[in-house]
Amino acid sequence: MNNRTVFSAIGDAFALFGSAVAASRAVEAGRKPRANDLRRLGMDPTAFDKIGRF
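Thresholds applied
- Residues numbered from 1 in each chain as written.
- Predicted model: local features only at pLDDT ≥ 70, side-chain atom pairs only at ≥ 80, totals over all residues.
- Heavy atoms only, no water.
- Helix = DSSP H or I, 4+ residues; strand = E, 2+ residues; numbered from the N terminus.
- Contact = heavy atoms within 4.5 Å.
- Expected span 1.5 Å × (residues − 1).
- Salt bridge = Lys/Arg side-chain N within 4 Å of Asp/Glu carboxyl O.
- Buried < 20%, exposed > 50% of the residue type's maximum accessible area, 1.4 Å probe, protein only.

Asks: Got a minute to help me understand the side chain of S19 in this structure?
Replies: Along the chain, S19 falls in helix α1 (residues 3–28). Residues within four places of S19 in sequence aside, it is in contact with D37, R40 and L41.

What follows is the structure, given as structure tokens:
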């Protein structure tokens, strides 16, 4: 692995963590997370819309 791929992997990990934090904060606040954050986490935004409340 060269330095570029190492730093790229670290950057991707930070982006993934940031999306997880942003999505969880949105859900806790009763809002819909941004579609970009859901996609980065591997979730389909349209499928997320179908999730109902308890």
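Asks: Would you mind going over α1 with me for this structure?
Replies: Between the first and last C-alpha of α1 there are 38 Å, a value that for 26 residues agrees with the 38 Å anticipated at 1.5 Å per step. Buried-residue contacts for α1 involve α2 (35–40). The positive-phi residue at the C-terminal boundary of α1 is G30, with phi of around 80°.

Asks: Teacher, can you tell me more about the environment of F7 here?
Replies: Mapped onto the elements, F7 comes out in helix α1. Between the alpha carbons of F7 and P45 there is a distance of 29 Å; along the sequence they are 38 residues apart.

Asks: Help me understand the pattern of salt bridges in this model?
Replies: A pair can form between side chains of opposite charge whenever their charged atoms are brought close. Per the counting criterion, the structure on display carries 2 salt bridges. Between K32 and D49 there is a salt bridge, and its shortest N-O distance comes to 3.1 Å. On the criterion of sequence distance, the pair formed by K32 in the loop between α1 and α2 and D49 in helix α3 (residues 45–49) is long-range, its members being 17 residues apart. The exposure class assigned to K32 is partly exposed, which follows from its relative accessible area of 47%. For D37, the salt bridge identified is with R34, shortest N-O distance 3.0 Å.

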